[in-house]
Amino acid sequence: MPVFIKDSEKCVGCLVCMFACARAHKAAGVESSCIKVRSQGGISRGFSVFVCRGCEDPPCARACPEDALIVRKNGGVLLNEAKCTGCGYCACACILDAIGWNTVINKPIICIQCGECSKNCHYGVLEFKRE
Amino acid sequence: MIDRDPLKNVLYIDLTKKRFWIEERRDLFLKYLGGSGVAIKLLEENCSADTDPFSPDNPVIFAVGPLNGVFPIASKTVAMFKSPHTGNLGESHAGGRSALALRMAGYGAIVIKGKSEKPCYIAIHGDKVYFRDATTLWGLTEGVSPARLIRKNEPGAGLRTIMRIGPAGERLISYACVTLETYRHFGRLGLGAVFGSKKLKAVVISGKKDLPVTDFKKYKEIYEELLHQLVKSEKMKKYHELGTSANVLPLSFSKGIPVKNLLTMDLQGIENISGENFAQKHLGRRVACSHCPVACIHLAALRKPYEDEPYFYRTVYLSYDYELIYALGSMLGITSSEDVLKLIEVVEDMGLDAISTGVVLAWITEAFEKGIINDKHTEGLIPEWGNVNIYAQFIRKIVYGQNEFYRYVGRGIDYASSKFGGKDFALTYAKNEMPGYHTGYASHLGYLFGARHSHLDSAGYSIDKEAMIKPMTAEQLVEKILSEEQWRQILSSLVICFFGREIYTADVIENCLRISGFNFNKEDLINIGREIYASKYRFKIKCGFNMDSLSLPQRVFETPSGNGLLNKDFTDRAIQLLKEKIKSLL
């Protein structure tokens, strides 16, 4: 379980984790980010963070009709872009809503388990553990 | 400027014909960067000298710059319009998610013109613009939040901005604000009333486009260094910890925070409305604007019992800052943090600019005490320093009141005091009400001559702080005010939050701009800043703003400031210099 949410009550909603995720995917912006931050129905109620927990038996991979998602040894998946048709089943299968979507290329953004989101969070909302 | 950067796109929206189109304006962004610089050029193009602020022809312009969405704390949007409060340049800045949403929807600026026949709101999702009916939202006040309804009906959660007005904007109070993300505001100079005049209840913008950079490796390096500085530097500490309200006690100690319409600088019990006390008693949550790790937004949790129902409470979250504690606290002789929060709640519900509202209430109180107005004017309300319940009623009356008096105070105290008298103690600067610093010459001259008559134009209080240690000549003071305001045009064109100004030095900005494909050196930037400043002033003068008729309110000479009693000869000399220097730029 590489990144987990330690305390979302401390999240200030700055989205710095999303930009870190995008940089890890070689982009500036948030289109290429898979981590998401949303208010819990209004900012006064605080924020929820949606991030891949690196499942060992990932439903996203099972849902992919093209076998484009390869299960990694220590959890999580890798995307074989050449096989991906952009059907979106993987994103629907993820109950955590931790798969991003690049609408420009119409492909999922898959967590690469790098921990950049956690390393960039100043408020200790996320914790990165390498097992 | 990078070729495929969507910054060049200006979205035009015509509310009358319900049409929209996009024009490529690379020319403007290449020369004036974005934000304030591009907005003033779009204002020149779209607003003539004789345009009435409430006519359909008055444009509402939102602009961002090249660094928004690319670098941290470049998190603000500039709004420009003709101000119904002053009749000339209307400019206000806000954060929230607005800058990110606008930039990533694929635009550098938006120009909204025309007037809707029925109340409506605009939803901008990427390259699509929707004109939605808002007749049901018009007139809603406490209880049902229009923003909540819009939130439910629009896509883009997490990456969208919802800018909306309250009853004050609908009813054309000239200092009505536009609220975004519940806690941020285009506060000053009446953008809310311009929305209201267009029957425009709200603007929703969502987008998440990636942005191009020239050199990704270099980009990562600069980004990471900036992020590190923003969270670790001592320069950012006060915004991180207590927030801007950290200034209440030091300014009270140095006699810089105005009390009771500036009748005095002493307030017994001011420690109860200090940043320290707010944090200890009320701080419930800290939040940030998008793409800013500083999280200066401090939310107080106010628990209120229902008077008619035991064991029923409601907890509201309210954002507090130094300016609000001044305007709705010390200025009104209020020394309880709960009372300040109660007034903040009413001001938020009404959708008013907090600073102007507080100063208007202070003027009403003194005018009443002096017998200039009486309970016939106020329809029975008797103002009293420190009486929160009366002030809460007054705020609602300003918005909903029907009689002549309330119609006048709904247009600010310059207008009201022209009718009823009491000019000497009307704390207004070229028609805009006073911000919370009576620290010395620079703050007052900054409000008077700043292009938007705001404390943020040139941060005179910082200059006054220097002057406390080492006195300045009028020449030195004027030079500092002007160069600061001109440099700030660069920050507000990029658009970087002013709180990050010490991190974003000229060198840093040069490097960041190179990543966005702009090659300017420090000297170029200073020249661009000066040109933007001059353009703003030219627009003001074209609209009838007259520097020769400017003067400081008499009251500021009567109460000692942080730098002692202000000397009239000194201010006259400085005013003369300011006029000459500004005229030489035009």
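The rules behind each value
- All residue numbers here refer to positions counted from 1 along the written sequence of the relevant chain.
- The order in which chains are written sets their letters, starting at A; the order in which ligands are written sets their numbers, starting at 1.
- In keeping with the model being predicted, local features are shown solely for residues with a pLDDT of at least 70 and side-chain atom pairs are shown and tallied solely at 80 or more, while totals for entire chains, interfaces and linings include all residues.
- Numbered from the N terminus, helices here are DSSP runs of H or I no shorter than four residues, and strands are runs of E no shorter than two.
- Only C-alpha atoms enter the radius of gyration, while the globule expectation follows 2.2 Å times N to the 0.38, with N the number of residues.
- In this scheme the burial state of a residue depends on its C-beta neighbours within 10 Å: 20 or more other such atoms mean buried, 12 or fewer mean exposed, and anything in between means partly exposed; the C-beta positions come from the backbone.
- In this description, a residue-residue contact is defined by the distance between C-beta atoms placed from the backbone, which must lie within 7 Å.
- To get an axis, a line is fitted to the C-alpha atoms, and for a helix only the part in contact is used. The angle between two axes follows their N-to-C directions and goes from 0 to 180 degrees.
- Crossing handedness is read from the near helix: turned anticlockwise from the far helix by less than a right angle, it gives a left-handed crossing, and turned clockwise, a right-handed one.
- Amino acids outside the nonpolar list (Ala, Val, Leu, Ile, Met, Phe, Trp, Tyr, Cys, Pro) and the charged list (Asp, Glu, Lys, Arg) are all regarded as polar, and Gly is one of them.
- DSSP-based pairing: two strands are paired if at least 2 bridges between them are found.
- Angles below 35 degrees are treated as roughly parallel, those above 145 as roughly antiparallel, those between 65 and 115 as roughly perpendicular, and all remaining angles as oblique.
- One less than the number of residues in a helix, times 1.5 Å, gives the span that helix is expected to have.
- By definition, a nonpolar core groups buried Ala, Val, Leu, Ile, Met, Phe, Trp, Tyr and Cys residues that connect through C-beta atoms lying within 7 Å of each other.
- Along the arc lie the directions from the helix axis toward the C-beta atoms.
- In this document the domain limits rely on a domain assignment from an automatic tool or a database.

> How should the overall build of chain B be read in this particular structure?
Within chain B one finds 22 helices and 17 strands. Taken against the 2.2 N^0.38 rule, which gives 25 Å for 586 residues, the C-alpha radius of gyration of chain B at 23 Å falls within 12% of a compact globule. Expressed as lengths along the three principal axes of its C-alpha atoms, the size of chain B is roughly 65 × 60 × 50 Å. For chain B, the residues scored as buried account for 57% of the 586 residues in total. In chain B, the share of contacts with a sequence separation of at least 24, taken over all contacts with a separation of at least 6, comes to 71%.

> It is not clear to me how the overall build of chain A should be interpreted in this structure. Could you clarify?
Looking only at helices and strands, one finds four helices and eight strands in chain A. For chain A, the α and β elements follow one another from N to C terminus as β-α-β-β-α-β-β-α-β-β-α-β. Compactness check: chain A gives a C-alpha radius of gyration of 14 Å against a globular reference of 14 Å for 131 residues, within 12% of the reference. With respect to the principal axes defined by its C-alpha atoms, chain A has extents near 40 × 35 × 25 Å. Counting every position in chain A, which comprises 131 residues, the buried fraction comes to 47%. A separation of at least 24 residues holds for 57% of the contacts in chain A among residues at least 6 apart in sequence.

> Teacher, can you tell me more about the packing of helix 7 (residues 216-232) of chain B against helix 20 (residues 506-515) of chain B here?
The geometry of a pair of packed helices is captured by two quantities: the angle between their axes and the separation between those axes. All names here are of chain B. Taken N-terminus to C-terminus, the directions of helix 7 and helix 20 make an angle of 145°; their axes are 10 Å apart at the nearest point. For the crossing formed where helix 7 meets helix 20, the hand is left-handed. The segment helix 7 lies against helix 20, with K218, Y219 and I222 engaging N511, C512 and I515. Class assignment of the residues belonging to the contact of helix 7 with helix 20 gives a composition of four nonpolar, one polar and one charged.

> I tried to follow the sheet that holds strand 15 (residues 313-320) of chain B on my own but got confused; where do I start?
For sheets, the rule is that strands pair by backbone hydrogen bonds, running either parallel or antiparallel. All names here are of chain B. Pairing is antiparallel across the open sheet formed by three strands, whose spatial order is 13-14-15. Strands at the two margins of the open sheet, each flanked by one partner only, are strand 13 (283-287) and strand 15. Pairwise comparison of adjacent strand axes, ignoring direction, gives a mean angle of 30° for this sheet. Across the sheet, helix 12 (residues 337-350) touches strand 14 (297-305) and strand 15, and the angle it forms with strand 15 is around 85°.

> Just to check I follow, could you spell out the packing of helix 17 (residues 441-449) of chain B against helix 18 (residues 460-469) of chain B for this structure?
Residue and element names in this part refer to chain B. Two elements in contact, helix 17 and helix 18, have axes separated by 7 Å at closest approach and are oriented at 155°. On the basis of the axis angle, helix 17 is roughly antiparallel to helix 18. Handedness of the helix 17/helix 18 crossing: right-handed. Every residue of helix 18 that contacts helix 17 at Y441, A442, S443, L445 and G446 is listed here: G460, Y461, I463, D464 and A467. Its residues assigned to classes, the contact of helix 17 with helix 18 comprises six nonpolar, three polar and one charged.

> Mind showing me how you'd approach helix 2 (residues 35-46) of chain B here?
In an α-helix, one turn spans 3.6 residues; hence positions three or four apart end up facing the same way. All names here are of chain B. For helix 2, with twelve residues, the first-to-last C-alpha span of 16 Å sits near the 16 Å given by 1.5 Å per residue. Among the twelve residues in helix 2, ten count as buried, and that is most of the element. Residues of helix 2 that are buried include every one of G35, S36, G37, V38, A39, I40, K41, L42, L43 and N46, and no others.

> Explain unusual backbone geometry here, please?
Apart from glycine, the bulk of residues carry a negative phi angle, and the bulk of peptide bonds sit in the trans form. Going from L494 of chain B to V495 of chain B, the amide bond is cis rather than trans, its omega being -10°. The topology assignment puts V495 of chain B in the loop between helix 19 (474-494) and helix 20. At D67 of chain A, a residue that is not glycine, the phi angle is positive and equals roughly 55°. Structurally, D67 of chain A is set in the loop between helix 2 (59-63) and strand 4 (69-71). With a phi angle near 65°, Y311 of chain B is a residue other than glycine that sits in the positive phi range. With respect to the helices and strands, the residue Y311 of chain B is situated in the loop between strand 14 and strand 15.

> What should I look at first to understand the nonpolar core in this one?
Nonpolar side chains tend toward joint burial in soluble globular proteins. Core analysis: the biggest nonpolar cluster contains 226 residues, and C17 of chain A together with A39, I61, A109, Y121, V294 and V359 of chain B have the highest contact counts within it. Among the elements that take part in this core, helix 13 (residues 354-369) of chain B stands out by supplying nine residues, more than any other. Among all residues touching A39 of chain B, those that are not within four sequence positions of it are I61, A63, V78, M80 and A109 of chain B.

> What exactly am I supposed to notice about helix 20 of chain B here?
Residue and element names in this part refer to chain B. Listing the buried residues of helix 20 in full gives I509, C512, L513 and I515. Along the axis of helix 20, the buried residues cluster in a sector spanning 150°; they form a single face. Each element contacted by the buried residues of helix 20 is listed here: helix 7, helix 19 and helix 21 (522-542). With its phi angle positive at about 85°, G517 sits one or two positions after the end of helix 20.

> Explain the pairing of strand 14 of chain B here, please?
A regular strand places its side chains so that they alternate between the two faces of the sheet. Residue and element names in this part refer to chain B. The sheet contact formed by strand 13 and strand 14 spans four bridges and is antiparallel. Residue pairing across strands places V287 opposite I297, the latter belonging to strand 14. Alignment of strand 14 against strand 15, held across eight bridges, turns out to be antiparallel. Within strand 15, the position partnered with A300 by the bridge is L318.

> In this structure, what is going on with the pairing of strand 5 (residues 89-94) of chain B? I would like to understand it.
Most of strand 5 of chain B is tucked away: six of the six residues are buried. Hairpin connection, strand 4 (residues 77-82) of chain B to strand 5 of chain B: the antiparallel pair is bridged by six residues, and G87 of chain B has positive phi, about 80°.

> How should I be thinking about the interface of chain A and chain B in this particular structure?
Accessible area lost upon the coming together of the parts serves often as the stated size of an interface. Listed per partner, the contact involves 24 residues of chain A and 32 residues of chain B. Broken down by secondary-structure element, the contributors of at least two residues to the side of chain A that touches chain B are helix 1 (16-24) and strand 2 (36-39) of chain A. Broken down by element, the residue count for the side of chain A that touches chain B peaks at four residues, all from helix 1 of chain A. Split by residue class, the side of chain A that touches chain B holds eleven nonpolar, eight polar and five charged.

> Where do I start with the sheet that holds strand 5 of chain B in this structure?
Residues and elements named next belong to chain B. The sheet built from six strands is open, its strands ordered 2-1-6-3-4-5 with mixed pairing. In the strand order of this sheet, the two ends are held by strand 2 (19-24) and strand 5, each with one partner. Each strand of the sheet is rotated relative to its neighbour by a mean of 15°, with strand direction disregarded. In this sheet, strand 5 lies alongside strand 4 in antiparallel orientation, the contact comprising six bridges. Of the residues in strand 5, the one forming a bridge with V78 is H93.

> For this particular structure, what's the right way to read the domain arrangement of chain B?
All names here are of chain B. Taken domain by domain, chain B comprises domain 1 (6-206), domain 2 (257-432) and domain 3 (436-585). The C-alpha-based centres of domain 1 and domain 2 are spaced at 26 Å. Contacts between the two partners involve 30 residues from domain 1, matched on the other side by 26 residues from domain 2. Element by element, the count of residues in the side of domain 1 that touches domain 2 is highest for helix 5 (residues 167-170), at three residues. Class assignment for the residues of the side of domain 1 that touches domain 2 results in twelve nonpolar, 13 polar and five charged.

> Could you clarify how one ought to interpret the environment of I355 of chain B in this entry?
Residue and element names in this part refer to chain B. Checked against the element boundaries, I355 lands in helix 13. C-beta crowding within 10 Å serves as the criterion here: with 26 such atoms nearby, I355 is assigned to the buried category. Separated by 200 residues in the primary sequence, I355 and R555 place their C-alpha atoms 18 Å from one another. When residues no more than four places from it in sequence are discounted, the contact partners of I355 are G187, R188, E323, A327, E433 and P435.

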